[in-house]
Amino acid sequence: MQKSILILGACGQIGTELTIELRAKYGSENVVASDIREGGESLMQSGPFELLDATNYEAIEDVVMHYEIDEVYLMAAMLSATAEKFPMRAWNLNMNSLFNVLNLAKEKKISKIFWPSSIAVFGPNTPKENTMQSTIMEPSTVYGISKQSGERWCEYYFKKFDVDVRSVRYPGLISWKTMPGGGTTDYAVDIYHEALKKESYECFLNEETKLPMMYMDDAIRATINLMESPSEKLSVRSSYNLGSMSFTPKEVAQNIRKHIPNFEISYNPDFRQQIADSWPSSIDDSAAKRDWNWQPEFDLEKTTEEMLDNLKDTV
Ligand code: VAH
């Protein structure tokens, strides 16, 4: 019997691509997409969809019982930049959605959970280069605090109630299929759109801001790889560090100029600079490599080629 999957936040930057990949892998009818509002035409027509508020326990429970859901991917969250503008709304969404799925698993109504953490769990006094799996974590953003708290709850529910919840600390994610929303690393997506539209981009971070980044295909592959790994191989039940590449806005611009020679970048840092300055520059993901053979495939060169090649006919 094929497993039945529910994705909460299926219309977001990660959720959209996760839905496509999971439907291809497990069969469209076995993957229920859900979000607070409807998604694009291709997502809506490629399988079952439910309008669902991830903070509403009863509503999620109804969908879980109706479709006999086995596994839940909780992708609904408010990201770092927006969360600074609406702290209490961010806390409510990011935490209560997690409690909802953890409690469904505790009640044995679902058997497995994926929940995304972020490099945002690290703070200004975390060692910035090759940031370790276990190290100083004093996040200074609402989003980072919610992700650090979420990791503690995931590990607690695993140890106390044997809930099979799995998680990775995503770096900044780069994709072309959907626009990101409210993130500090979104510049790394916007820059490709603007390069093709205007051959110029005004960056909201300064040129030397080096951040861990990842192409979406790698992030989706890592997510599914982790979810399919044998439970006994997983030594981390808070959230795995996950890395692939790190770069600065200046380096992205130099890479884009290999394809668009006249591309110009300017810098006008805003409130997101302080957020980015509190995060690591590079990540040690040796635990993920050891426990479930994580291996990235996209570097900056390949990411730039993919982004420009797929966006060139859309702008
Ligand atoms: C953000 N894209 O910018 C997210 C991510 C590491 C950053 O969590 O908030």
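Below you will find a few notes about this structure. (Residues numbered from 1 in each chain as written. Predicted model: local features only at pLDDT ≥ 70, side-chain atom pairs only at ≥ 80, totals over all residues. Heavy atoms only, no water.)

1. Thoughts on the overall build of the protein chain
A tally of helices and strands in the protein chain yields twelve helices and 14 strands. Here the C-alpha atoms of the protein chain give a radius of gyration of 19 Å, agreeing with the 20 Å that 2.2 N^0.38 yields for 315 residues. Taking the principal axes of the C-alpha coordinates as reference, the protein chain spans close to 55 × 45 × 40 Å. The proportion of buried residues among the 315 residues of the protein chain is 56%. Considering only contacts in the protein chain between residues 6 or more positions apart, those separated by 24 or more positions represent 78%. When the accessible area of the protein chain is evaluated, it comes to approximately 13,400 Å², of which 48% is carbon and sulfur surface. Charge centroids of the protein chain, computed over 32 positive and 47 negative side chains, lie 4 Å from each other. (Helix = DSSP H or I, 4+ residues; strand = E, 2+ residues; numbered from the N terminus. Rg over C-alpha atoms; globule rule 2.2 N^0.38 Å. Buried < 20%, exposed > 50% of the residue type's maximum accessible area, 1.4 Å probe, protein only. Contact = heavy atoms within 4.5 Å. Areas by Shrake-Rupley, 256 points an atom, 1.4 Å probe, with all protein chains shown as cover. Lys, Arg positive; Asp, Glu negative; His and termini not counted. Charge placed at Lys NZ, Arg CZ, Asp CG, Glu CD.)

2. Concerning the site of the ligand
Around the ligand sit Leu79, Ser80, Ser118, Ile119, Tyr143, Tyr170, Pro171, Gly172, Gly183, Thr184, Thr185 and Trp279, and those are all the residues in its vicinity. For the ligand, an oxygen atom lies 2.8 Å from a polar atom in the side chain of Ser118. Within the side chain of Thr185, a nitrogen or oxygen atom sits 3.1 Å from a nitrogen atom of the ligand. Notes on the ligand: free accessible area 270 Å², of which the protein chains cover 95%. For the shell around the ligand, a count of residues per class yields six nonpolar, six polar and no charged. Residue assignment places the shell around the ligand across two domains, with domain 1 (5–126 + 135–169) and domain 2 (173–213 + 243–311) each supplying three or more. (Near = heavy atom within 4 Å. Polar contact = N/O pair within 3.5 Å; in protein donor to acceptor, adjacent residues only side chain to side chain. Nonpolar A, V, L, I, M, F, W, Y, C, P; charged D, E, K, R; others polar. Domains from an automatic or database assignment.)

3. What about the packing of aromatic side chains?
Enumeration over the complete set of coordinates arrives at twelve aromatic pairs. Residues Phe114 and Tyr170 carry aromatic rings whose centres are separated by 6.1 Å and whose planes lie at 55° to one another, so their mutual orientation is tilted. Remark: Tyr170 occurs in strand E8 (residues 168–170) and Phe114 occurs in strand E5 (residues 112–114); sequence separation between them is 56 residues. Owing to a relative accessible area of 5%, Tyr170 belongs among the buried residues under this scheme. Clustering of aromatic rings is evident, with ring pairs tying together Phe99, Trp153, Tyr156, Tyr157 and Phe161. (Phe/Tyr/Trp six-rings, centres within 6.5 Å; stacked < 30°, edge-to-face > 60°.)

4. Digging into a nonpolar patch on the surface
Together, Met88, Trp91 and Ile145 line one region of the surface with nonpolar side chains, adding up to about 320 Å² of accessible area. Looking at where Trp91 falls in the secondary structure, it is placed in helix H5 (residues 87–106). Trp91 sits in the partly exposed class, given a relative accessible area of 36%. (Patch = residues over 30% accessible without salt bridge, like charges linked within 9 Å, V, L, I, M, F, W, Y side chains within 5 Å. Salt bridge = Lys/Arg side-chain N within 4 Å of Asp/Glu carboxyl O.)

5. A few points about the sheet that holds strand E12 (residues 240–241)
Spatially, E6-E8-E12 is the arrangement adopted by the three strands of the open sheet, whose pairing is parallel. Single-partner strands in this sheet number two, and they are strand E6 (117–118) and E12. When E8 meets E12, the two strands line up parallel, connected through two bridges. What sits directly across from Arg169, in E12, is Asn241. (Pairing = 2+ DSSP bridges.)

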